[in-house]
Amino acid sequence: MIGISARRAPVTLRGLDITVSLAIQPHVELLAAAGCVPVVIPPLPGAAHLVARLDGLLIPGGPDVDPALYGQRAHPATHAVGGALDTGELALLDAAYRAGLPVLAICRGMQLLNVRHGGTLHQHLPEITGDDGHQPRTTAHDFGRQPLKATPGSRIAAVYGDDPPETACHHHQAVDRIGTGLTATAWTPDGVVEALEAPDLPFVVGVQWEAGQVADEPLHRAFAAAAATHATARRRGPEPRTHPDPQETKR
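Residues numbered from 1 in each chain as written. Predicted model: local features only at pLDDT ≥ 70, side-chain atom pairs only at ≥ 80, totals over all residues. Heavy atoms only, no water.

K.L.:
How would you sum up the overall build of the chain? Please name residues and give values.
P.N.:
Of regular secondary structure, the chain possesses seven helices and 14 strands. Within the chain, buried positions represent 48% of all 251 residues. Counting only contacts in the chain whose residues sit at least 6 apart along the sequence, the fraction spanning at least 24 positions is 70%. (Helix = DSSP H or I, 4+ residues; strand = E, 2+ residues; numbered from the N terminus. Buried < 20%, exposed > 50% of the residue type's maximum accessible area, 1.4 Å probe, protein only. Contact = heavy atoms within 4.5 Å.)

Here it is in structure tokens:
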């Protein structure tokens, strides 16, 4: 079972305007095709207690992370939705570490993962790169297309082999200082970090590109395989093997 942290969104259903908690369908379909049961989890107080029953956690894309979490004031272009989502997803990540779960963090998810490890973010990437190549300024939701260079021997390199994908991205923020216990393993030509990994843990991977909005079967299959390994270990023993927490070690 893979927990997917939910997103809130307004929708119109049969003429009625309502707000729903949802996961985008490609994540559901790709994980189901890989043999997993996706479970949508609203990141609310108490939801972290469910994590120990899961075999993996996916933190998807979403709004900007509150810059107060990494000691900065908000840039005018930063659009954080408030502390509840950040607090809820950090609690899910903490619970996933305690339970030894594989973690896949995508776009905002990777940024939150970095912040959780004590890292920081560039709040408005065009001021760093000098262009809007990672989030094209168009009326449609067009993706920026960037070639990817992965570190040989990394998990990301193992996922894609000798044919790393051209990233499909739509973000105006990016990793700046990398958090303790994480390593950058993929970049775009302009130096933007596109993947983070925790090399000392079985499977903690973050990617900046829109894996899911653009189907990324290899990445979801690798995540599902790690979850299957965790599920097998959980069935064999009374307690899952827990991840060492770099933040606890640092403290």
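Now that the structure has been shown, we can carry on.
K.L.:
Explain the environment of Gln 173 to me, and be specific about the residues and the numbers.
P.N.:
Mapping Gln 173 onto the fold places it in the loop between strand E10 (167-169) and strand E11 (174-175). In this structure, the C-alpha to C-alpha distance between Gln 173 and Thr 78, residues 95 residues apart in sequence, is 8.4 Å. The contact partners of Gln 173, leaving out residues within four places of it in the chain, are Asp 64, Val 65, Tyr 70, Thr 78, Gln 111, Leu 121, His 122, Gln 123, Leu 125 and Gln 208. Reaching out from Gln 173, the side chain makes a polar contact with the backbone oxygen of Gln 123 at a distance of 3.0 Å. (Polar contact = N/O pair within 3.5 Å; in protein donor to acceptor, adjacent residues only side chain to side chain.)

K.L.:
Provide a residue-level description of the layout of surface pockets, including the pertinent values.
P.N.:
When its volume is computed, the second largest pocket comes out at roughly 300 Å³. Looking at the lining of the second largest pocket, the elements with two or more residues in it are strand E2 (7-13) and helix H2 (83-99). Taken together, the residues that form the lining of the second largest pocket break down as nine nonpolar, one polar and two charged. (1 Å grid on protein atoms, 1.4 Å probe; cavity = no way out; pocket = protein on both sides within 12 Å on 5 of 7 lines; lining within 4 Å. Points joined across faces, edges and corners; volume = space filled by probe spheres on them. Nonpolar A, V, L, I, M, F, W, Y, C, P; charged D, E, K, R; others polar.)

K.L.:
Give me the lowdown on the nonpolar core, citing residues and values where you can.
P.N.:
Judged by nonpolar contacts, the single largest core of 31 residues is most densely connected at Leu 93, Leu 113, Leu 196 and Val 204. Elements with a contribution of two residues or more to this core: strand E5 (56-59), H2, strand E6 (103-106), helix H3 (108-116) and strand E13 (193-197). Sort the elements by how many residues they give to this core and H2 lands first, with seven residues. Of all hydrophobic cores here, the second largest spans 25 residues; its members include Cys 107, Val 205, Phe 223 and Ala 224. (Core = buried A, V, L, I, M, F, W, Y, C linked by side-chain atoms within 4.5 Å.)

K.L.:
Quick rundown of the pairing of strand E12 (residues 183-187)? Include the residues and the values.
P.N.:
Strand direction decides the pairing type here: strand E9 (residues 149-150) and E12, joined by two bridges, are antiparallel. When the bridges of E12 are listed, Lys 149 appears paired with Trp 187. Sheet analysis places E12 next to E13, joined by four bridges and oriented antiparallel. Along E13, the bridge assignment pairs Thr 183 with Glu 197. Two successive antiparallel strands, E12 and E13, enclose a turn made up of five residues, where Gly 191 displays a positive phi of approximately 90 degrees. (Pairing = 2+ DSSP bridges.)

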